[in-house]
Amino acid sequence: MADSQVPSEAVMRRCNELHQLLNHHNRQYYLLDEPEIPDAEYDRLFHELKTLEAEFPQLETADSPTQRVGAEPLKGFSSVQHEVPMLSLDNAFSDEDMRAFEKRIQDRLASDAELEYACEPKFDGIAVSLLYRDGRLQRGATRGDGATGEDITQNVRTIGSVPLKLSGDNVPAVFEVRGEVVMPRAGFAKLNAAAQERGDRLFVNPRNAAAGALRQLDPSITAKRPLVFFAYSVGYVEGELPPTHFGTLDLLEKLGFVVAGERALAHGAGGCLAYYRDLGEKRADLGYDIDGIVFKVNDYGLQNRLGFVSRAPRWAIAHKFPAQEEMTVLNDVEFQVGRTGAVTPVARLEPVFVGGVTVSNATLHNRDEIERLGVKIGDQVVVRRAGDVIPQIVSVVLSARPQHAKEIVFPANCPVCGSQVEVLEGEAVARCTGGLVCAAQRKEAIKHFVSRTAMDIEGLGDKLVEQLVGLGHIEHIADIYRLEHEVLANMERMGDKSAQNVIDAIEKSKSTTLPRFLFALGIREVGQATARNIAQHFGMLKNLMDADQEALVAVDDVGPIVAHHIFDFFQQQGNRAQIALLQEAGVHWPESAPVAAESLPLDGKTYVLTGTLETLSRDEAKEKLLALGAKVTGSVSKKTDCVVAGPGAGSKLAKAESLGIEVLDEAAFVALLDSF
């Protein structure tokens, strides 16, 4: 028999080690709100100890972590003795576990009748008990170790979803409501965004943030945190309850509590598994985190017959979802270059199964994130994957750091094109300065170059650009002007006529303007208006390419950062070479003497275009106004000087007339343009 076996020294050492590990992680999780390992890893350690104690009962002691639910209450709060212990639940990790759970119940009831279960999402938050006397909130407490918790009454009173007075008739004289305090995902995102702006430490996940909020000694801080209390059961009650758990949930909702809208009834293990799969598919779309489903025998009479084991009820089980967090090793870090030149560190991980897939890569975002995590190559790390979200490293197990751990060093040069990598003051993102010559940025640079507001090459759309780049027909922007009819005609969904239309559009685009050309180059933070101001200020491209940062800052609407981007772009020899090739291919524009903005006839004037123009397109009209120094906006206000209204003008025209703003029809507008 198992209980007659004597454990070996190795088994006793492992048992002692598991005690220490679980107690350590209990303290990190419950007391300090600084979990080092994922829940799934904790569950495995717990299950290992439980298995050893089942095989060798003499190893089970009163202070074993298997006989506890949580950890001691913090000394900053007074203790609360729970009238009815707050027990935890046994876990199911597979369909077979669920069927075995039902089989144990049927065996104990000596009946194979189909059972009815109440099904609820298992919230990933903090378990809390609320005690009401005569319908008024008297006390709020944490679970603590299941028998003794922490008095957090003043904090739970600040949570809007916690009723201070119960509504409805027939409220039990003494009514203990149990549930979970969670932080919704949207609130968590705002909380971390605000913390990042202040330079404060970020929370790892919503549960961690909720725990920290409940343990604030100053309730005014708790009040500022976006917390929600979901009621899911009752504890000590003096009064009548419905005969079923599901009926009690309906009662709780009537009394003013928030109860999971996703709750349902299921019949048999098969019905439970169908619910599990259904809610699992919707999990990523919920407004809060859940890590599984709780199934409870619905009938209270059957619950009473089934009773409890030492730390859990026999009539309930938590069916866990595949872990969204797992622990693995960071083997290396590589650097990828995105379409905007952003250099992103990518973690190469020891493959680990998390969130339903095997993960071997994870994003590290940027240099600031690496510093925040304090992560090094060789560390044990916690990886999180929620739904379709890209896996990311959320924390480091510092207590397990190896001696050979290495610092992560950002490259000084782009790993794709070799250009300098820069990080501007106040920015977290490192960027390649290669611009037109960096292969990683090639597709997006070309798509921008040919777009309607840039070189306006009609027919050369995103899909065709991707095909041409993918097949090697375009490597650099200047290659657009070497494209041949035969190549285009062989592209997907292209024929002779479509190919000729593209060739004609490419030829037409060779005659452009300096503002369009500058905008088409894709210089960081140089939009259409800035490109026009630059062109007017310098007149000729050579003047601009030779300008230093001091000269650039003199341009209207160009500050030190934009000046730096422009100067840096033209300092790259690869960019200068591409511009020379474009000019050799025939791209040209009329150059003129520099023009001071204040000397332009419409400088300082604000125009709005509305309705349909017949002799000019809206873009052409806007371009002509901008060339004359005007600003063109999309809405009419008191600051608008003139509205150009074509046929079909509606509310903008009406607003202009009500404000007494000058209105020009198309003929008057064309005459205005011709007068300059």
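Residues numbered from 1 in each chain as written. Predicted model: local features only at pLDDT ≥ 70, side-chain atom pairs only at ≥ 80, totals over all residues. Heavy atoms only, no water.

- With an unreviewed UniProt entry as reference, the protein is termed DNA ligase, source organism Teredinibacter turnerae.
- Quoted verbatim from the Sequence similarities (unreviewed entry) heading of the UniProt record, the comment on the protein is "Belongs to the NAD-dependent DNA ligase family. LigA subfamily." (UniProt positions renumbered as here; feature names shortened; annotations may be inferred.)

Quick word on the packing of aromatic side chains
Part 1 of the argument: Here the structure, examined in full by the defined rule, presents 13 aromatic pairs.
Part 2 of the argument: Where phenylalanine 308 meets tryptophan 315, the ring centres are 6.1 Å apart and the plane angle is 75°; that geometry is what we call edge-to-face.
Part 3 of the argument: We classify tryptophan 315 as buried; its relative accessible area is 14%.
Part 4 of the argument: The ring centre of phenylalanine 246 lies 5.9 Å from the NZ or CZ of arginine 263, which sits over that ring.
Part 5 of the argument: Across from the ring centre of phenylalanine 410, 4.5 Å away, lies the NZ or CZ of arginine 367, which sits over that ring. (Phe/Tyr/Trp six-rings, centres within 6.5 Å; stacked < 30°, edge-to-face > 60°. Buried < 20%, exposed > 50% of the residue type's maximum accessible area, 1.4 Å probe, protein only. Lys NZ or Arg CZ within 6 Å of the ring centre and 35° of its normal.)

A closer look at the pairing of strand β5 (residues 136-142)
Part 1 of the argument: Counting buried positions over the 7 residues of β5 gives 5, a clear majority of the element.
Part 2 of the argument: In this structure, strand β4 (residues 126-133) lies alongside β5, joined through 6 bridges in antiparallel fashion. Paired with leucine 130 across the strands is glycine 140, a residue of β5. (Helix = DSSP H or I, 4+ residues; strand = E, 2+ residues; numbered from the N terminus. Pairing = 2+ DSSP bridges.)

Remarks on the pairing of strand β10 (residues 290-297)
Part 1 of the argument: The element β10 is largely enclosed, with a buried count of 8 among its 8 residues.
Part 2 of the argument: Of the strand pairs in this sheet, β10 and strand β11 (residues 316-320) are connected by 5 bridges, and their pairing is antiparallel. Each residue of the ladder has a partner; that of glycine 292, found in β11, is lysine 320.

Thoughts on the environment of proline 219
Part 1 of the argument: As for its placement among the helices and strands, proline 219 is situated in helix α7 (residues 219-223).
Part 2 of the argument: Of the residues examined, proline 219 reaches a relative accessible area of 26% and is grouped as partly exposed.
Part 3 of the argument: Among all residues touching proline 219, those that are not within four sequence positions of it are Gln154, Asn155 and Thr158. (Contact = heavy atoms within 4.5 Å.)

Description of the pattern of salt bridges
Part 1 of the argument: Tallied over the full model, the rule gives 31 salt bridges.
Part 2 of the argument: Between glutamate 176 and arginine 178 there is a salt bridge, and its shortest N-O distance comes to 2.8 Å. The two residues glutamate 176 and arginine 178 agree in class, both being buried.
Part 3 of the argument: Between glutamate 325 and arginine 384 there is a salt bridge; the shortest N-O distance is 3.3 Å. Separated by 59 residues along the polypeptide, glutamate 325 in strand β12 (residues 325-337) and arginine 384 in strand β15 (residues 380-384) bring together distant segments of the chain.
Part 4 of the argument: Glutamate 325 sits in the buried class, given a relative accessible area of 15%.
Part 5 of the argument: With relative accessibility at 14%, the residue arginine 384 sits in the buried group.
Part 6 of the argument: If you follow the salt bridges from partner to partner, you end up with Arg185, Asp289, Glu325 and Arg384 in one network. (Salt bridge = Lys/Arg side-chain N within 4 Å of Asp/Glu carboxyl O.)

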